[in-house]
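What follows is each chain in one-letter form.
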Amino acid sequence: MDSTQRLLLPIRPLDHAHGPEDAPYTLVEYGDYECPDCGRLYVTLRNLQSDIASRLRVVFRHYPLSGIHHHAQQAAEAAEAAGAQGKFWEMHTLLFVRQAALHTKDLIRYAGELNLDVERFRKELKNQTYRDIVRADFIAGVQNGVYSTPGLFLNGVRYDDDSGRESLQSLLKI
């Protein structure tokens, strides 16, 4: 198995992980908040996690394809800004559920809905406080051979097949 088939960067404390650390399945996603396939995968994973919550851990890393998704970079930074206030996953959900509305004014509105410190959030977005964190995820994805989104690794091994519910269910032996 060549190195592009294995996850080179192990899960780190700063990664955004949802689900138990000792889950038998860990899915690392390199994703883009403006990517339609990532949006569909979000719904699939949300449903799978509710079905098998104790058996699946999901780790999300940013991979904004800014050349085609013009709001993806700032959306990723918004998720990080929300995460700095303890609400990464809540913002993550809003960004995917509302993929068609990712302009700056939308992101600031979402911060208000999540009861974040909106002035801090607005300032961090304006100053691109989390640009380097998002960039580090992207670079790690490139090093792992991720070339499109979603880029998936299941238990450290690249998963290039269909990311639909049936395919993932059979892979997770549900």
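Look up: the structure comes first, before these words.
In this text the structure is predicted, and so the values were computed from the model without any measurement.

J.: Help me understand the environment of L95 in this model?
T.: Along the chain, the position of L95 falls in helix 3 (residues 88–97). With 61 residues separating them in the primary sequence, L95 and E34 have C-alpha atoms 8.2 Å apart. Not counting residues within four places of it along the chain, the set of residues in contact with L95 comprises Y33, A75, A79, L102, L107 and Y110.

J.: How do you make sense of the side chain of D106 when you look at a structure like this?
T.: Position of D106 relative to the elements: it lies in helix 4 (residues 104–113). Polar side-chain contacts of D106 include one of 3.5 Å to the backbone nitrogen of L102.

J.: Looking at this structure, how should I read the packing of helix 2 (residues 72–84) against helix 3?
T.: When two helices pack together, their arrangement is given by the angle between the helix axes and by the axis-to-axis distance. Viewed as axis vectors pointing N to C, helix 2 and helix 3 meet at an angle of 150°, and their least axial separation amounts to 7 Å. By the angle class used here, helix 2 and helix 3 are roughly antiparallel. In the crossing of helix 2 with helix 3, the sense of the turn from one axis to the other is right-handed. Packed against helix 2, whose contacting residues are A75, A78, A79, E80, A82 and G83, the element helix 3 presents F88, M91 and L95 at the interface. Of the residues that constitute the contact of helix 2 with helix 3, the class distribution is seven nonpolar, one polar and one charged.

J.: Honestly, the pairing of strand 3 (residues 56–62) in this entry has me stumped. Any pointers?
T.: Along any regular strand the residues' side chains alternate between the sheet's two faces. Among the seven residues in strand 3, seven count as buried, and that is most of the element. Because side chains alternate across strand 3, one face comprises the buried residues L56, V58, F60 and H62, and the other comprises R57, V59 and R61, equally buried. Looking at chain direction, strand 1 (residues 16–18) and strand 3 are connected through three bridges and run antiparallel. Within the sheet, the bridge partner assigned to H18 lies in strand 3 and is V58. The pairing of strand 2 (residues 25–31) with strand 3 spans seven bridges and is classified as parallel. Residue pairing in the sheet places Y30 in a bridge with R61 of strand 3.

J.: In this structure, what is going on with the packing of helix 1 (residues 36–51) against helix 3? I would like to understand it.
T.: Two numbers describe how helix 1 lies on helix 3: the axes approach to 9 Å, and their chain directions differ by 125°. One way to sum up the angle between helix 1 and helix 3 is to call them oblique. Crossing of helix 1 against helix 3: the hand is left-handed. Counting all contacts with helix 1, which are made through C38, G39 and Y42, the residues of helix 3 involved are H92, T93, F96 and V97. A per-class count over the contact of helix 1 with helix 3 returns four nonpolar, three polar and no charged.

J.: I tried to follow the pattern of salt bridges on my own but got confused; where do I start?
T.: If the charged atoms of two oppositely charged side chains come close together, the side chains can form a pair. Inspection of every chain in the model, using the stated rule, returns ten salt bridges. The salt bridge partner of R122 is E119, with a shortest N-O separation of 3.2 Å. Separated by three residues within a single helix, R122 and E119 lie in helix 5 (residues 118–126), roughly one turn from each other. The exposure class of E119 is exposed, given its relative accessible area of 52%. Notably, a salt bridge pairs D132 with R131, separated by 3.8 Å at the nearest N-O pair. D132 gets classed as exposed once you look at its relative accessible area, which sits at 56%. Salt bridges sharing partners connect three or more residues here, namely R12, D15, R61 and D137.

Reading guide: rules and limits
Residues numbered from 1 in each chain as written. Predicted model: local features only at pLDDT ≥ 70, side-chain atom pairs only at ≥ 80, totals over all residues. Heavy atoms only, no water. Helix = DSSP H or I, 4+ residues; strand = E, 2+ residues; numbered from the N terminus. Contact = heavy atoms within 4.5 Å. Polar contact = N/O pair within 3.5 Å; in protein donor to acceptor, adjacent residues only side chain to side chain. Axes fitted to C-alpha atoms, helices over the stretch in contact; angles between N-to-C directions. Parallel < 35°, antiparallel > 145°, perpendicular 65-115°, else oblique. Left-handed = near helix turned anticlockwise from the far one by under 90°. Nonpolar A, V, L, I, M, F, W, Y, C, P; charged D, E, K, R; others polar. Buried < 20%, exposed > 50% of the residue type's maximum accessible area, 1.4 Å probe, protein only. Pairing = 2+ DSSP bridges. Salt bridge = Lys/Arg side-chain N within 4 Å of Asp/Glu carboxyl O.

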